[in-house]
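Structure assessment
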Amino acid sequence: MSDSLWPLVPSPRSIDIDHAEGRTLYLRDGGTLLDASGGAICTNVGLGRAEVAQAAAAAMERMSYAIPPFVTPERERLVERLHRAWLPPHLTRVWLASGGSEGVDAACKLALQHFMATGETSRKKIIGRDISYHGTTALALGVGGHVARKAGFESLIPDFPHAPTPYALRSPLGRNHPDFDITAAQALEDIILAEGPETIAAFICEPINGSSGGAIMPGPRYWPLVQDICRRHGVLIITDEVMVGFGRTGKRFAAEHFDLKADIMVAGKGLAAGYAPICGVFATDAVVKPLREKGMAPMFYTYSGHTGACAAADKVLEIMERENLVARSAEKGEALRERLETMLAQHPNVAEIRGRGLFFGLEIVADRETLEMFPTEANMTGRIIAAGVKEGVFYYSGGTGAVRDIICIGPSFTVEDSELDQIAETLKIAIDRAVA
Ligand SMILES: Cc1ncc(COP(=O)(O)O)c(C=O)c1O
């Protein structure tokens, strides 16, 4: 397609794709790209699986649309499978949206509706974290911490408090200070107390940070402390597993690494692995019961739980189970970690390689001793990604503007060892070219 037709703002960096299969994008000029980022970290079962397209087509032939509150075989099948094989048992209620931003909006509103129904009507605020991304609707931007994506939209965005994301590498106590996680948890409690616990509905957080920081890891004491703080102050925990859920970090959900129990969880992306727009909002009985008693329910989106999307998601999850892909994400993740460390752990411009399962972030710096960043104008992330594309591999850009030069890697769980070699080797070439 001519760049005058798509995208909205024509970009010389746009890539012209004909079709895709497995982990490979086939370009119209005859070239290929290995997709090291699984699209937007979402194509967990690989691209171009005919059985997913066929399941969606068959469902839509039978019934192209039904209003979201109606029960349909596709919705029932998906929800049954989620309960049978995927969800932590305490998350008993399921609501569906079309994407992560919508799901986050709905989860935040559900938290407020819960307190409207219980009569604790002063609980109106949601606390977010300073390095985070929860989506691009005004509410999702407000609870998120992506300064670059918020800039200029302040008049549209609610001004909620933000607690620090525990960030060992750049801890205010000093690089990799052992108490970085405790301090971050304490800061959350300080905010709750300063705002007044009776004004706080929920704390929203990614159990393992996504692309906004590049898989920043929380530290062992963070989640137990946060869980205790939120319970003591009656604050609901909303986990955003849009990027890290459905196997991405080598467990079904990233919270399982930490025994973190959410009151409300949002998970999209991997649910239908890029085959259809769908996102789940999952809640406990305790969250939903007061709404039920008061005859309240969240308003649906027209395309919530769309027939074709439910059928695609059900088939994707069936494939994940049949091919044991969560375990494969853990196994191939370790294989990728070894390769990345061999190629890049000592690189003068790599400050850290971090992540779990098949999700990694690399923080690129001007000086790995001082952690000095490249200036924003250097557009280092853009240069690395462009150099990767030239070499035939696509990486995903991360960061928030304040945190920057983050390269994310999150291929399909079906990735082969030879492709992991290519991902690690090409990234070294791309970084060397970009900084030269
Ligand atoms: C953690 C997280 N939450 C929410 C979203 C928003 O999801 P979507 O782009 O599907 O609206 C994203 C998207 O990258 C994300 O990474």
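Model, not experiment: these values are computed from the prediction.

**Focus: the pairing of strand β12 (residues 359–364)**
Within β12, six of the six residues are buried, leaving the element largely enclosed by the surrounding structure. Of the two faces of β12, the one holding F359, G361 and E363 and the one holding F360, L362 and I364 are both buried throughout. For strand β11 (residues 350–356) and β12, the ladder comprises six bridges, and the chain directions are antiparallel. For E352, the partnering residue across the bridge sits in β12 and is E363.

**Quick look at the layout of surface pockets**
Approximately 910 Å³ is the volume attributed to the largest pocket. In terms of lining, the largest pocket is formed by 29 residues, of which the most central are P69, R93, V94, W95 and L96. Of all the secondary-structure elements, those providing two or more residues to the lining of the largest pocket are α3 (73–86), β4 (93–97), α4 (100–118), β10 (279–283) and α9 (285–294). Sorting elements by how many residues they give to the lining of the largest pocket places α9 first, with five residues. Of the residues belonging to the lining of the largest pocket, the class tally is 19 nonpolar, four polar and six charged. Taken as a whole, the second largest pocket holds about 430 Å³ of empty space.

**A short note on the site of the ligand**
Close to the ligand lie G99, G100, S101, Y133, H134, G135, E206, D240, V242, M243 and K269, which account for all nearby residues. Measuring from an oxygen atom of the ligand, one finds a side-chain N or O atom of S101 at 2.5 Å. A distance of 3.0 Å is found between an oxygen atom of the ligand and a side-chain nitrogen or oxygen belonging to K269. Coverage of the ligand by the protein chains reaches 82% of its 390 Å² of free accessible surface.

**So, unusual backbone geometry**
Omega for the peptide link from W6 to P7 comes to 0 degrees, which places this bond in the cis form. Structurally, P7 can be placed in the segment before β1 (17–21). Backbone geometry at D259 places phi at a positive 55 degrees, although glycine is not the residue there. Tracing the backbone shows D259 in the loop between β8 (236–240) and β9 (264–267). Phi at L371 takes a positive value of approximately 65 degrees, unusual for a residue other than glycine.

What counts and what doesn't
- Residues numbered from 1 in each chain as written.
- Predicted model: local features only at pLDDT ≥ 70, side-chain atom pairs only at ≥ 80, totals over all residues.
- Heavy atoms only, no water.
- Buried < 20%, exposed > 50% of the residue type's maximum accessible area, 1.4 Å probe, protein only.
- Helix = DSSP H or I, 4+ residues; strand = E, 2+ residues; numbered from the N terminus.
- Pairing = 2+ DSSP bridges.
- 1 Å grid on protein atoms, 1.4 Å probe; cavity = no way out; pocket = protein on both sides within 12 Å on 5 of 7 lines; lining within 4 Å.
- Points joined across faces, edges and corners; volume = space filled by probe spheres on them.
- Nonpolar A, V, L, I, M, F, W, Y, C, P; charged D, E, K, R; others polar.
- Near = heavy atom within 4 Å.
- Polar contact = N/O pair within 3.5 Å; in protein donor to acceptor, adjacent residues only side chain to side chain.
- Areas by Shrake-Rupley, 256 points an atom, 1.4 Å probe, with all protein chains shown as cover.

The quantities given are spatial measurements derived from coordinates; they are silent on function.
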